[in-house]
Amino acid sequence: MMDKYILNFPEQLESGLQIAEQFQFTTSQKITNVVISGMGGSGIGGTFAYEYAFAQSPVPILVNKSYHLPEFINDNTLVILSSYSGNTEETLSCLNDAVRKNAIIVGITSGGKLEELSRQHQFPIIKLPQGFPPRTCLGYSLVAVLSILEKAHIISDKWKNEIKEAIEILKQHQNDIRALSQKMAQQIHSTFPMIYSLHSEALAVRLRQQLNENSKILCSHHIIPEMNHNEIVGWKHLYCKLSVISILTDFDLEANKKRYAFCKKVFEQFNTPIIELKAKGQSLLAQWVYIVHIADWISYELALLNNADPIEVKVIDQLKSELSNTIKN
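Residues numbered from 1 in each chain as written. Predicted model: local features only at pLDDT ≥ 70, side-chain atom pairs only at ≥ 80, totals over all residues. Heavy atoms only, no water.

Engineer: Would you mind going over the sheet that holds strand 4 (residues 104–109) with me for this structure?
Structural biologist: Note on sheets: strands pair through backbone hydrogen bonds, and any given pair is parallel or antiparallel. The 5 strands lie next to each other as 2-1-3-4-5, forming an open sheet whose pairing is parallel. Looking at the sheet topology across the chains shown, the edges are occupied by strand 2 (61–64) and strand 5 (125–127). Taking each pair of neighbouring strands and ignoring which way they run, the sheet shows an average axis angle of 15 degrees. Judged from the 5 bridges that link them, strand 3 (residues 77–82) and strand 4 form a sheet pairing that is parallel. Among the inter-strand pairings, Val79 is bridged to a residue of strand 4, identified as Ile105. (Pairing = 2+ DSSP bridges. Helix = DSSP H or I, 4+ residues; strand = E, 2+ residues; numbered from the N terminus. Axes fitted to C-alpha atoms, helices over the stretch in contact; angles between N-to-C directions.)

Pasting the structure below:
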């Protein structure tokens, strides 16, 4: 089933664009800052949207991944709450904070308490199709957050053409992506992956999350140049079998490319497998989406090599059940 979800990612992006076109959002309030709140697979779309908007937003944007919103929230703050199920404990807590602060609130969900409370308070929502594992809905959530930011005049509408470019690239290269992901999964198999990005931490986080949930393995991520100020020292001695996954785009800074070239020499002295994920496409979003897609396929192929069910996340369900019982008691 997971392979079908991944295979249909281009179609999901198309559907997301259609949903976004139907969404209406206006506010008479002057927006002075934005907070995007969401967890796990529901929240990663907001992380990508934040990084995309970083260079063009006229106001500060914060990605929040906790039970509470920062104290600076007020009636000029746009709060975007993303929970696919609509029942994410942390996100619902943030909704209460946003209501208390009289913020400008928009929800992204397929249902649950978030939809119920949003409709009760007459907050606008982008309603997503039901029946998917949250981590398979990045196409929906990314497009939804970008659409809200556009309608709030935080970003321009050029993101739509970039998503359309991404869709065409994924459809054109689907077979090549699948074959490449199989080869890369074999290199990663039975190692502890160290994920490094030269440009977007969201790309590294997404890959880490997918390896955790789909492949059922631990791994780590870091971003260059910050990694050069701490983690590179840890490459003095290796105590387990590692692999390196490097995320490379055309938008990487030249300074970071030089830093990576040096790091690569450090990695190679331990005969560590180095897997380079090189983006395709012309625009920023097209390249990001291409990397996301190949990373998703890698996590699926690695799950097969690990004899793991890429859908199953029983430990998360057990945690939610235990927390629920604790609250009841």
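Engineer: Looking at this model, I keep getting lost on the layout of surface pockets. Mind explaining?
Structural biologist: Rolling a probe over the atoms, with the probe sized like a water molecule, indicates the empty space that remains. When its volume is computed, the largest pocket comes out at roughly 660 Å³. What lines the largest pocket is a set of 22 residues, among which Met39, Thr88, Glu90, Ile316 and Lys320 lie closest to the centre. Among the elements that line the lining of the largest pocket, the one with the most residues is helix 12 (residues 314–328), at 7 residues. Of the residues contributing to the lining of the largest pocket, the split by class is 9 nonpolar, 7 polar and 6 charged. Roughly 370 Å³ of internal volume is contained in the second largest pocket. (1 Å grid on protein atoms, 1.4 Å probe; cavity = no way out; pocket = protein on both sides within 12 Å on 5 of 7 lines; lining within 4 Å. Points joined across faces, edges and corners; volume = space filled by probe spheres on them. Nonpolar A, V, L, I, M, F, W, Y, C, P; charged D, E, K, R; others polar.)

Engineer: I'm lost on the pairing of strand 1 (residues 33–38) in this one. Help?
Structural biologist: For strand 1, a buried count of 6 out of 6 residues is recorded, marking the element as mostly surrounded by other parts of the structure. By the bridge criterion, 6 bridges tie strand 1 to strand 3 in an arrangement that is parallel. For Ser37, the partnering residue across the bridge sits in strand 3 and is Leu81. Across 4 bridges, the pairing between strand 1 and strand 2 is parallel. The residue of strand 2 that forms the bridge with Val35 is Leu62. Handedness of the strand 1-helix 3 (residues 40–53)-strand 2 crossover: right-handed. (Buried < 20%, exposed > 50% of the residue type's maximum accessible area, 1.4 Å probe, protein only. Right-handed = clockwise from strand over helix to strand, strands pointing away.)

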